[in-house]
Amino acid sequence: MIEVDVAIIGGGPAGLASAMKACEEGVKDILIIERGMELGGILLQCIHDGFGTFIFEETLTGPEYAQRYIDEVKKTGINVKLNTMVLEIDSAKRIIAVNQEDGLLEIEAKAIILSMGCRERTRAQILIPGDRPSGIYTAGVAQRYINIEGVIPGKKVVILGSGDIGMIMARRFTLEGAKVEGVYEVMSNPGGLTRNVVQCVEDYEIPLHLSHTITNIRGRRRVEGVTVAKVDSEMRPIKDTERFVPCDTVILSVGLIPENELSKSADVGMDPITNGPIVDEQMQTSVPGIFACGNVVHVHDLVDDVSKVAEVAGRGAAEYIDGKLKKRRSPIKVKAGRNVKYVVPQIIHGEKFDEDIRFYLRVKEIEKSVKTVVLADGERIFEKKIKIVKPPEMVKLDISPDILNRITGDELIIDVEGEEDEEKS
Amino acid sequence: MKRSHNFTCIVCPMSCQIELIEEDDKILEVRGNGCKRGEEYVTEEFTNPVRMLTTTIPVQEGRIAMLPVRSERPVPKNLLRRCMKELSKVRVKAPVRCGDIIYENILDTGVSIISSRDLSIGNYSEFR
Ligand SMILES: Cc1cc2nc3c(=O)[nH]c(=O)nc-3n(C[C@H](O)[C@H](O)[C@H](O)COP(=O)(O)OP(=O)(O)OC[C@H]3O[C@@H](n4cnc5c(N)ncnc54)[C@H](O)[C@@H]3O)c2cc1C
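Residues numbered from 1 in each chain as written. Chains lettered and ligands numbered in written order. Predicted model: local features only at pLDDT ≥ 70, side-chain atom pairs only at ≥ 80, totals over all residues. Heavy atoms only, no water.

With 35 residues of chain A in contact, the opposing surface of chain B contributes 31 residues. On the chain A side of the interface with chain B, the three residues burying the most area are A:Met37, A:Glu64 and A:Leu175, jointly 18% of the side's total. Remark: the boundary between chain A and chain B carries five salt bridges. On the surface where chain A and chain B come into contact, there are 15 residue pairs in polar contact (both at pLDDT 80 or more). Here the side of chain A that touches chain B is built from residues that sort into twelve nonpolar, nine polar and 14 charged. (Contact = heavy atoms within 4.5 Å. Buried area = accessible area lost by both parts, 1.4 Å probe. Salt bridge = Lys/Arg side-chain N within 4 Å of Asp/Glu carboxyl O. Polar contact = N/O pair within 3.5 Å; in protein donor to acceptor, adjacent residues only side chain to side chain. Nonpolar A, V, L, I, M, F, W, Y, C, P; charged D, E, K, R; others polar.)

Written out as structure tokens, the structure is:
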């Protein structure tokens, strides 16, 4: 049995930043457990630029962003176990992990930080009918093949999904000499940032077909083509718009799901909307001493936000083992209101708030000229105008302690109000 | 002859649809932009569009097979493919440090291609 103060599961940007913060806060015995052969997580394969604009105020590539944290971690006494897979954790904070050198490892931690990231949705989860040939990859797997292994997995590519990863891979395949036949998106708006629509798709004259989906995949051994169709307003394919597109590769970029088997094994309370643990303002889960941060909590679009929130978790873990964690009152639930899909943190329960809390919200639909409103006991305690909200771009609200300390009830509702709502009221 | 060009602005989330009207490369009018930054953006995009180039280079004796690299600064957009072609001939040998110059002054742009991570010596095939 190994005993540590803080065990961090996953060595991506969330794990690295939380480890650094815990270390700065004086925690002596920190262990990062990473199943990959290197630290850095998914950033290592995201070779494009666009990372770090908030934290470092310059635009870095994914590996560069990771390198900055890896260099910092190396200067400290933080322990790292690579090539080590965590198999199970329980609510008593015992960890079972395995690697080739040590075999089965038992680790007991005073506090645990969950930072396992997320994984990609696959074909099975979106139910595309047809044959089962080779040549179908998720975007992240294709990204790994090209950027880490140096293998281009196809020559004629169809991409399903216009999230950032799908569009980034459209550009990557094109620059590597493959032909991208088109990006097909079931929604009527692109799933990713406008910057990526312009710089990854339009720059290379790749057709972007909105309100379209793949209805069938054909091929005996290798993909030979896909059938695509327009969809109606209910997202049902329209039969007579079906068309066959020859290709040898299908790339699925159809969303990410937080990776939470371990959280569940520790009996951590889960949010059915985010698919991640329910956390409070210190990123503590429902199990005392177990914290969570990064994509394991909800899918972030900017790594800068991941690092920032990871510091909150790192500090929380340090305070927890010192017995200094904020005194708790009965929890105040934070609920998603109008045009809000979810809010993180889902609960707050400091007895007295002495610093800002940042709420992250994901909206359901694009809306212009809106106001985000925080309601407590029916009273509007906070309002902020925003020019436009879009589902691919997380909305961040920093609420100050003087507002937070005015909350009386046990519930907060966060609404995004349109112009018309305001006129009505 | 007067020509019109359409742009989607990427400066902020508003994504304004901006039209630029020009005659013999002289900009006559910019419209549809919600703010000044939009005008600057389309002017730049029309006169001298630039992009960062990011790609990978095969590494010998490295811990992993490919080294991620980027242009130190953005390069002219119309040179991206030629840069890729130029870089397709390049090989590097581990170890490499983040920021090392991998290819100097690509296509006489004055921009060098630099390494985007540390890459130590190792036997990649061991990990496959
Ligand atoms: C293709 C792509 C493009 C992106 N582009 C951008 C961009 O342009 N700009 C930007 O700011 N952000 C971008 N992001 C988002 C950003 O990369 C993520 O938000 C960030 O990497 C999430 O960090 P994380 O630490 O939560 O997860 P990850 O980076 O996924 O790290 C999780 C780590 O946990 C490890 N792990 C999981 N389970 C276990 C286990 N059981 N045992 C041991 N280890 C385990 C994994 O191996 C992994 O290393 C992009 C993401 C992707 C996928």
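Back to the text.
Residue and element names in this part refer to chain A. Counted according to the given criterion, the structure contains five aromatic pairs over all chains. Ring geometry for Tyr65 and Tyr69: centres 5.4 Å apart, planes at 35 degrees, overall tilted. One end of the pair is Tyr65 and the other is Tyr69, both in helix α2 (residues 62–75) and four residues apart, which spans about a single turn. Residues Tyr65 and Tyr69 agree in their burial class; the two are buried. Seen from their ring centres, Tyr137 and Tyr145 are 5.7 Å apart, and the 90 degrees between their planes marks the pair as edge-to-face. Under the relative-accessibility criterion, Tyr145 is labelled partly exposed at 32%. An aromatic cluster of three or more residues is present, and its members are Phe56, Tyr65 and Tyr69. Above the face of the Phe56 ring, Arg68 is positioned so that its terminal group lies 4.8 Å from the ring centre. When the ring centre of Phe244 is taken as reference, the NZ or CZ atom of Arg218 above it lies at 4.3 Å. (Phe/Tyr/Trp six-rings, centres within 6.5 Å; stacked < 30°, edge-to-face > 60°. Helix = DSSP H or I, 4+ residues; strand = E, 2+ residues; numbered from the N terminus. Buried < 20%, exposed > 50% of the residue type's maximum accessible area, 1.4 Å probe, protein only. Lys NZ or Arg CZ within 6 Å of the ring centre and 35° of its normal.)

Attention now goes to the sheet that holds strand β21 (residues 340–344) of chain A. All names here are of chain A. Taken together, the three strands give an open sheet; going across it, the order is β21-β23-β26, and neighbouring strands pair in antiparallel fashion. Where the open sheet ends on each side, the last strands, each with one partner, are β21 and β26 (395–399). Neighbouring strand axes in the sheet, compared pairwise and without regard to direction, differ in orientation by 25 degrees on average. (Pairing = 2+ DSSP bridges. Axes fitted to C-alpha atoms, helices over the stretch in contact; angles between N-to-C directions.)

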